[in-house]
Amino acid sequence: MKSDSFRNKRNGFETMDGGMDGQGPKGKNPAGKIAGIVAAVVVLAVLALNSTYEIKEQEQAVLITLGQAQAVSEPGLHFKIPFIQQVRKVNTTIQGFAIGYNSENDEVDEDESLMITSDFNFIDVDFYVEYRYSDPVKALYASKAPLDILRGISQSCIRTVIGSYPVDDVLTTGKNEIQASIKEMILKRLEEQDIGIQLVNITIQDSEPPTAEVMEAFKAVETAKQGKETALNNANKYRNEQLPSAQAKADGIIKDAEAKKTERINEATAQVSRFNSMYQEYIKNPAVTRQRMFYEAMEDVLPDLKVIIESPNGNTQTIYPLESFTGTQEEDGQTQTPASGQSPVQDSSVQDSSAAPQNGTDEIAED
């Protein structure tokens, strides 16, 4: 009977005698039910918490399902199968690390910063490398330590490029070219490695000689170069100030020349027109035109001439002005006729003016 009662209770039934097993009545166990409910709630809460995950704006996630990885890039709330799928998040923002110094306390790391140039000079150069994770799956599973690989590649490329430049270029004018060469070399190496990291930029933070004496010498060189640049800038400024005024003067000279050119052309054109008109009249009456032109020429020439009369015996007589040849002379507003055999004005160089000319002729010379 006792065994049947125990079996019935185990199967969820009560015995025919009202649950009496011969030892007295037995009641229900409420503490066991409460514990079961609490355990069920805990299990459900754990399952709920493990079934969702959130991706922020600057993150990407890798969803791992039974060893298979899948990238999840969309931000927001996502679901997963609890205890079967796992999620690993990767920060995709731009990050960086220093080479040659400690970014936390700015202490120099000579093992990384001390390098040798192509002209066998030692120099301390500090760099800052900026990177971001481009492929979270490869960043997590392509290598064990992708950041260490990037640091090693960067140091190798930096020393290779620095070793191909002279110290002057590293300290002064060649920094931009050196940075570009290093970046190109690192990108090529990262493409070959394919570890899910992308180089954003690499910058030279500082470059200086390892000793104070050499540092002072390079500072003096840098000061001289800055003075040169200042002088060039001042010269360019002066040139820019002077060029407009010089150009304005040149334009003025050109315009004056063009005006004179136009004036001369117009004058020549007028003279040609006058000559052509005179030529047309000359064709009509050549004799009259020649006579008129002769008279006009004489009117312009004779007032400025001086006549010297020389007799055969060597005596000379100068006569001027030539109004006497016209037969009249004006004095005090009156016209007088000179006496015969008397010249209107005689020069002081007249000698024996009353001497008669030989052969009845005089020689006239015009000066």
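Quick caveat, the model's predicted, so the values are computed rather than measured.

A. Focus on the overall build of the protein. Secondary structure assignment for the protein yields 9 helices and 14 strands. Looking at the protein as a whole, 21% of its 367 residues qualify as buried. Contacts in the protein between residues at least 24 apart in sequence constitute 66% of all its contacts with a sequence separation of at least 6. Accessible surface, the protein as shown: approximately 26200 Å² in total, 53% of it carbon and sulfur.

B. How the structure looks around the packing of helix α8 (residues 212–284) against helix α9 (residues 286–301). The N-to-C vectors of α8 and α9 enclose an angle of 130°; their axes lie 5 Å apart at closest approach. As summarised for this structure, α8 and α9 are arranged oblique, according to the angle between their axes. Along its contact with α8, which presents M278, E281, Y282, I283 and K284, the element α9 presents P286, T289, R290 and M293. For the contact of α8 with α9, a count of residues per class yields 5 nonpolar, 1 polar and 3 charged.

C. Structural detail: the packing of aromatic side chains. Across all of its chains, the model carries 4 aromatic pairs by this definition. For the pair Y131 and Y133, a centre-to-centre distance of 6.0 Å together with 90° between the ring planes defines the contact as edge-to-face. We classify Y133 as buried; its relative accessible area is 16%. Aromatic pair F294 and Y295: ring centres 6.1 Å apart, planes at 55°, arrangement tilted. Judged by its relative accessible area of 45%, Y295 falls in the partly exposed class. In this structure an aromatic cluster arises from ring pairing among F97, Y131 and Y133.

D. Representation of the nonpolar core within the structure. Counting 30 residues, the largest nonpolar core has F127, I158, I178, I182 and I186 as its most contacted members. Not counting residues up to four positions away in its chain, the partners in contact with I158 are I99, M115, F127, I182 and I202. Residues Y53, I55, A61 and L63 belong to the second largest nonpolar core, which totals 5 residues.

E. Local environment of the confidence of the model for the protein. Overall, the predicted model of the protein reaches an average pLDDT of 76, with 73% of residues at or above 70. Between residues 5–27, whose pLDDT stays under 50, and residues either more than four places distant or in other chains, the model counts 11 contacts. Taken together, the stretch residues 328–367 has pLDDT below 50 and engages in 51 contacts with residues farther than four places along the chain or on a different chain.

F. The arrangement of the sheet that holds strand β3 (residues 68–72) in detail. Spatially, β3-β2-β5 is the arrangement adopted by the 3 strands of the open sheet, whose pairing is antiparallel. Lying at the two open borders of the sheet, with one neighbouring strand each, are β3 and β5 (85–91). Taking the axes of each pair of neighbouring strands and ignoring which way they run, one obtains an average angle of 25° across the sheet. In the sheet, strand β2 (residues 59–65) pairs with β5 via 7 bridges, with the strands oriented antiparallel. Counterpart to V62 in the pairing with β5 is R88.

G. Spatial organisation of helix α7 (residues 175–193). The terminal C-alpha atoms of α7, which comprises 19 residues, lie 27 Å apart, in line with the 27 Å expected from a rise of 1.5 Å per residue. Here α7 has its buried residues at I178, Q179, I182, I186 and L190. Buried residues of α7, viewed axially, fall in a sector of 95°; they line one side. Those residues of α7 that are exposed and angled more than 90 degrees off the buried face are N176, E184, K188, E191 and E192. In the core, the buried residues of α7 are packed alongside β8 (122–133), α5 (146–162), α6 (167–171) and β9 (197–208). In the segment just after α7, D194 is the residue with positive phi, at about 55°.

H. Structural detail: α5. Between its first and last C-alpha, α5 extends 24 Å over 17 residues, near the 24 Å set by a 1.5 Å rise per residue. Every buried residue of α5 is listed here: P146, L150, I153, S154, C157, I158, V161 and I162. For α5, the angular spread of buried residues about the axis comes to 150°, placing them on one side.

I. Main features of the side chain of E112. Along the polypeptide, E112 turns up in helix α3 (residues 110–113). A polar atom in the side chain of E112 sits 3.1 Å from the side chain of Q155. With sequence-adjacent residues up to four places away left out, E112 is seen in contact with A98, I99, G100, R151, Q155 and R159.

J. Up close: unusual backbone geometry. Positive phi outside glycine occurs at F120, with the angle close to 60°. Along the chain, F120 turns up in the loop between β7 (114–116) and β8. Phi at D194 is positive, roughly 55°, even though this residue is not glycine. By secondary structure assignment, the location of D194 is in the loop between α7 and β9. Judged by its relative accessible area of 40%, D194 falls in the partly exposed class.

Rules of the game
- Residues numbered from 1 in each chain as written.
- Predicted model: local features only at pLDDT ≥ 70, side-chain atom pairs only at ≥ 80, totals over all residues.
- Heavy atoms only, no water.
- Helix = DSSP H or I, 4+ residues; strand = E, 2+ residues; numbered from the N terminus.
- Buried < 20%, exposed > 50% of the residue type's maximum accessible area, 1.4 Å probe, protein only.
- Contact = heavy atoms within 4.5 Å.
- Areas by Shrake-Rupley, 256 points an atom, 1.4 Å probe, with all protein chains shown as cover.
- Axes fitted to C-alpha atoms, helices over the stretch in contact; angles between N-to-C directions.
- Parallel < 35°, antiparallel > 145°, perpendicular 65-115°, else oblique.
- Nonpolar A, V, L, I, M, F, W, Y, C, P; charged D, E, K, R; others polar.
- Phe/Tyr/Trp six-rings, centres within 6.5 Å; stacked < 30°, edge-to-face > 60°.
- Core = buried A, V, L, I, M, F, W, Y, C linked by side-chain atoms within 4.5 Å.
- pLDDT = per-residue confidence, 0-100.
- Pairing = 2+ DSSP bridges.
- Expected span 1.5 Å × (residues − 1).
- Arc of directions from axis to C-beta.
- Polar contact = N/O pair within 3.5 Å; in protein donor to acceptor, adjacent residues only side chain to side chain.

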